[in-house]
Amino acid sequence: MSDLWDTDTLDLPAYLARVTPGTLPGTAGLSLLTRLHRAHATTLPFDNIDLLLDRTPSLYVPDIVDKMCRRPRGGCCHEHNLLFGCVLERLGFRVDRLAARVILGGRGPRPRTHMALRVLADGDAWLCDVGFGEEGFLDPLPLRPGEVTTQGSRAFRVRTHQDHQCRVEVNRNGEWECLYLLSLEARPPVDFAVAHHYLSTHPRSMLKRELYLQRLSGTTRLKLRGHTLTRVTAEHAEESSVDSDGLPDVLNAFGIVLREEELAALRRRVAATSEAYGRRHDARVT
């Protein structure tokens, strides 16, 4: 199965140097899985910059390592979870790639464009997802329906749903909300190649509408959506507005380094989306 996913091409030392510098992996059990999941989620940010600049990011493992571990950059869900799945397989874990329909923030039927991972550790199945760009979790979730896992100020659970699916849910402000509907059928690479092409090229793709960045820590969730920067802690959420001039400082806060020409192109795109938003707002007011 590892050959299907180009696992043998992974530069594991480069990944570990970026994500867990100075530490060595242990045996393939839940302790190692949890340490790696949290290290990845708090080191490598989510970013849709390439998609916003009309590029289709490569899903070839060496290209993902070059981008996310050597530059450094973030990536979208397929880049994150494809990379993490290969890392886990190289370290001796059994990994299945699963497809999901993102529900949070959407309306109507949604395609299965998200990738998540089912990983076996210490005799149990765990849901791993280091690439969900909204309410992502820090640690693996048990794939035991109904069991609640608390991580900081958030609680998560997986519930059985119809048609061999699970609902992955987060509790926000005392109410359970569905993040995504997860199919439990292991998927081959071609399914995600099609989903990745859709997200990268379709004009209605949610990842091509506006800039979206996220970086987690053990206590803070830093998010940029469009022009709104949000810093969320257990106590409160603080919002501020970001324009194209303030973009370099914001990227630095997320640990993202762009080439000069990439930064210039992104600033033009952010400025253009700001003008478009202003025109829509004026039209509603008048």
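The paragraphs below set out a description of the structure included in this document.

Thoughts on the sheet that holds strand β10 (residues 212–216)
Consideration 1: Ordered by their spatial adjacency, five strands build an open sheet running β1-β10-β11-β12-β13, and the pairing between neighbours is antiparallel. The open sheet terminates on both sides in strands that have one partner only, identified here as β1 (46–47) and β13 (237–241).
Consideration 2: Here two bridges tie β1 to β10, and the two strands are oriented antiparallel to one another. Each bridged residue has a counterpart across the sheet, and for F46 the counterpart in β10 is Q214.

Thoughts on the nonpolar core
Consideration 1: Judged by nonpolar contacts, the single largest core of 35 residues is most densely connected at Y15, L83 and F93.
Consideration 2: The set of elements that each furnish at least two residues to this core consists of α1 (12–19), α2 (30–43), α4 (61–69), α5 (77–90), β2 (94–102), β3 (112–121) and β4 (124–128).
Consideration 3: By residue number, the principal contributor to this core is α5, which donates six residues.
Consideration 4: Beyond its immediate sequence surroundings of up to four residues, F93 is in contact with A28, G29, L32, L33, L88, V119, L120 and A121.

Details of helix α6 (residues 189–201)
In an α-helix, one full turn covers 3.6 residues, which means residues spaced three or four apart are oriented alike.
Consideration 1: Along its 13 residues, α6 runs 18 Å from first to last C-alpha, staying within 8% of the 18 Å computed at 1.5 Å per residue.
Consideration 2: When we look at burial in α6, the residues that qualify are F192, A195, H196, L199 and S200. Buried residues of α6 fall within an arc of 130° about the axis and therefore sit on the same side. Residues of α6 that are exposed and point more than 90 degrees away from the buried face comprise V190 and V194.
Consideration 3: Where α6 is buried, its residues touch α3 (49–52), α5, β2 and β3.

Scoring rules and cut-offs
- Residues numbered from 1 in each chain as written.
- Predicted model: local features only at pLDDT ≥ 70, side-chain atom pairs only at ≥ 80, totals over all residues.
- Heavy atoms only, no water.
- Pairing = 2+ DSSP bridges.
- Helix = DSSP H or I, 4+ residues; strand = E, 2+ residues; numbered from the N terminus.
- Core = buried A, V, L, I, M, F, W, Y, C linked by side-chain atoms within 4.5 Å.
- Buried < 20%, exposed > 50% of the residue type's maximum accessible area, 1.4 Å probe, protein only.
- Contact = heavy atoms within 4.5 Å.
- Expected span 1.5 Å × (residues − 1).
- Arc of directions from axis to C-beta.

Keep in mind these values describe shape, not function.
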